[in-house]
Amino acid sequence: MLAYSPSTASSTASAAAGPAIPLAPVLSAASFRRAAEVHASPARTVLDAGAYRLVTSGRVAIALALRELGVQAGDTVLVPAYHSPSMIPPVLWRGATPVFYRVTADAGVDLEDLAARIGPDTRAVMVTHYFGFPQDLAPIRALCDARGIALVEDCAHAFIGEHGGRPLGSWGDYAIASSMKFLPIYEGGALVSNRHDLKNVTLRSAGAGFEAKVALNSVEKGFAYGRLPTLRAALWLPLRAKSALWGLLKRGRKVPAPALAPASSDSSFDFDPRWLDKRSSLFSRTLLKASSPARIQALRRRNYQRLDEALRGLPGLRALHPQLPDGACPWVYPLLVDEPEALFQRLKARGVPLTRFAYPLWQGVDDTTCPNAGMLSRRVLALPCHQELREDELDWIIAAVRKEASA
Ligand SMILES: *Cc1c(COP(=O)(O)O)cnc(C)c1O
């Protein structure tokens, strides 16, 4: 019942025509660069918003937030009609019913519609900072307080960033994040709260096989995209992950894959409750500590601006947002496209890395639920702007989009 299979939620670079450009950050020497080396000014992450637990995915964090809130059978949870399908199974796992509220044409919360859908059984509302652009949460927080419902702040696209002088993640009763969308790690999510101490949320290791698989996967990707010099990579592996890995290799057999890592790490929308009490890997936690949010934010903003300047005037497309707000750290560069299907196919055939967020929507959610969600689901194509993109790769992406948009 929790299973939901995506068709083509996102495409990885197929390398059919152009160079293989990573859709998401991959491990490189720079992944470990500390803040002081690059930027003096700090950047804030959701982990600065309150107490936190590092889990293996954002959806596990959603499930934990709903569990901590006591959401149960008979309750309803308000979910944006524009959503990642991975947000729904945790609601169903609680036995609760998702009720979809509308969004505006620029992916803001339709506050009037949200308020109208609050009923006697409503326990919580989820609000998403799409693509890293902060929602205006002050009025939503006020509405939740007035109506006695909880706010779950979905920072899956906003691991880094602040708004109104506060780190994102500090408005919600709970906030959730997906660190694997921002860092070169195979798994990673966070449950955050600045209102609760999270002492009921206890986690344990998912085992040596998991630790090894996570470390290996990041290193493998680093190699595959030519980011890692061979010998040094071995030194970068955290010691414990390395000994787990060697142990596994020595035993000379493969542990069945499904036990080793959650489906959330393989672009699936499934939710598996067996991962609820599992801690994020040592590799992910080490990388999180070693990486610089300031560097990531500065580079993502620079890459975003670069794409924006080069692409915003092209026929048949425009930037979803006219401006990148101060303090925001974009997940991707979302384009609103007039003929998305044709352009998507052409770009994909060329090997341009592209994300189609919220495509498809959860079964049964369509234009009658929310015309804007349907429109955004179909028309937004997003390009990567992550910190590990190289100049030549950005140039190539820009050239390819310019060419195909004018074709
Ligand atoms: C990806 C995503 C999630 C879930 O995060 P995972 O780490 O993939 O489980 C939640 N909300 C939104 C908006 C997302 O895009």
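Cut-offs applied
Residues numbered from 1 in each chain as written. Predicted model: local features only at pLDDT ≥ 70, side-chain atom pairs only at ≥ 80, totals over all residues. Heavy atoms only, no water. Helix = DSSP H or I, 4+ residues; strand = E, 2+ residues; numbered from the N terminus. Buried < 20%, exposed > 50% of the residue type's maximum accessible area, 1.4 Å probe, protein only. Contact = heavy atoms within 4.5 Å. Areas by Shrake-Rupley, 256 points an atom, 1.4 Å probe, with all protein chains shown as cover. Pairing = 2+ DSSP bridges. Phe/Tyr/Trp six-rings, centres within 6.5 Å; stacked < 30°, edge-to-face > 60°. Lys NZ or Arg CZ within 6 Å of the ring centre and 35° of its normal. Axes fitted to C-alpha atoms, helices over the stretch in contact; angles between N-to-C directions. Parallel < 35°, antiparallel > 145°, perpendicular 65-115°, else oblique. Left-handed = near helix turned anticlockwise from the far one by under 90°. Nonpolar A, V, L, I, M, F, W, Y, C, P; charged D, E, K, R; others polar. Near = heavy atom within 4 Å. Polar contact = N/O pair within 3.5 Å; in protein donor to acceptor, adjacent residues only side chain to side chain.

**Focus on the overall build of the chain**
- Counting its secondary structure elements, the chain contains 14 helices and 14 strands.
- The proportion of buried residues among the 407 residues of the chain is 57%.
- Summarising the internal contacts of the chain: among those between residues at least 6 apart in sequence, 76% fall at separations of at least 24.
- As displayed, the chain has an accessible area near 16300 Å², and 53% of this comes from carbon and sulfur atoms.

**With respect to the pairing of strand S9 (residues 174–177)**
- Of the two faces of S9, the one carrying Tyr174 and Ile176 and the one carrying Ala175 and Ala177 are both buried.
- Sheet topology note: the strand S6 (residues 150–154)/S9 ladder contains three bridges and is parallel. Bridge pairing in S9 links aspartate 154 to isoleucine 176.

**A few points about the packing of aromatic side chains**
- Counted according to the given criterion, the structure contains 12 aromatic pairs.
- Residues phenylalanine 131 and tryptophan 331 carry aromatic rings whose centres are separated by 6.4 Å and whose planes lie at 10° to one another, so their mutual orientation is stacked. Of this pair, phenylalanine 131 sits in the loop between strand S5 (122–128) and helix H5 (137–147) while tryptophan 331 sits in the loop between strand S11 (317–319) and strand S12 (332–337), and the two are 200 residues apart along the sequence.
- For phenylalanine 131, a relative accessible area of 0% gives the class buried.
- With relative accessibility at 12%, the residue tryptophan 331 sits in the buried group.
- Taken together, Tyr82, Tyr130, Phe131, Trp331 and Phe357 form an aromatic cluster joined through their ring pairs.
- It is arginine 94 that lies over the ring of tryptophan 93; its NZ or CZ is 4.9 Å from the centre.
- Residue placement shows lysine 181 over the ring face of tryptophan 331; its charged tip is 5.6 Å from the ring centre.

**Some points on the packing of helix H12 (residues 340–350) against helix H14 (residues 391–405)**
- Where H12 meets H14, the axes come as close as 10 Å, and the angle between the chain directions of the two elements is 140°. Looking at the two axes, H12 sits oblique to H14. H14 is crossed by H12, and the crossing has right-handed handedness. Of the residues in H14, those in contact with Leu343, Arg346, Leu347 and Arg350 of H12 are Trp396, Ala400, Val401, Lys403, Glu404 and Ala405.
- Here the contact of H12 with H14 is built from residues that sort into six nonpolar, no polar and four charged.

**Observations concerning the site of the ligand**
- Lining the immediate environment of the ligand, one finds 14 residues, of which Gly58, Arg59, His157, Ser178 and Lys181 sit closest.
- Within the backbone of glycine 58, a nitrogen or oxygen atom sits 2.7 Å from an oxygen atom of the ligand.
- Contact distances for the ligand include 2.6 Å between an oxygen atom and a side-chain N or O atom of arginine 59.
- Out of a free accessible area of 380 Å², the ligand has 96% covered by protein chains.
- Split into classes, the residues belonging to the shell around the ligand amount to four nonpolar, seven polar and three charged.

**Examining the packing of helix H11 (residues 293–311) against H14**
- The interhelical angle for the contact between H11 and H14, taken along N-to-C directions, is 30°, at an axis separation of 10 Å. Between H11 and H14, the angle is such that the two are roughly parallel. Note on packing geometry: the crossing formed by H11 with H14 is right-handed. For the pair H11 and H14, contact is made by Arg302, Asn303, Arg306, Leu307, Ala310 and Leu311 and by Glu391, Leu394, Asp395, Ile397, Ile398, Val401 and Arg402, respectively.
- Grouping the constituent residues of the contact of H11 with H14 by class yields seven nonpolar, one polar and five charged.

**A short note on unusual backbone geometry**
- A cis amide bond links tyrosine 359 with the next residue in sequence, proline 360, at an omega value of 5°.
- Not every positive phi belongs to a glycine, and alanine 107 is a case in point at roughly 65°.
- Looking at the secondary structure, you find alanine 107 in the loop between strand S4 (97–101) and helix H4 (111–116).
- You can call alanine 107 buried: its relative accessible area is 4%.
- Positive phi, close to 60°, is recorded for alanine 358, a residue that is not glycine.
- Along the chain, alanine 358 turns up in the loop between strand S13 (354–355) and helix H13 (371–379).
- A relative accessible area of 3% places alanine 358 in the buried class.

**With respect to the pairing of strand S10 (residues 189–193)**
- Of all the five residues making up S10, five are buried; the element is thus mostly covered by neighbouring parts of the structure.
- Side-chain alternation along S10 places Gly189, Leu191 and Ser193 on one buried face and Ala190 and Val192 on a second face that is also buried.
- Two elements, strand S2 (residues 51–55) and S10, share five bridges in a ladder whose sense is antiparallel. Directly across from valine 55, in S10, lies its bridge partner glycine 189.
- As paired strands, S9 and S10 are joined by three bridges and run antiparallel to one another. From the neighbouring strand, isoleucine 176 faces S10, where its bridge partner is leucine 191.

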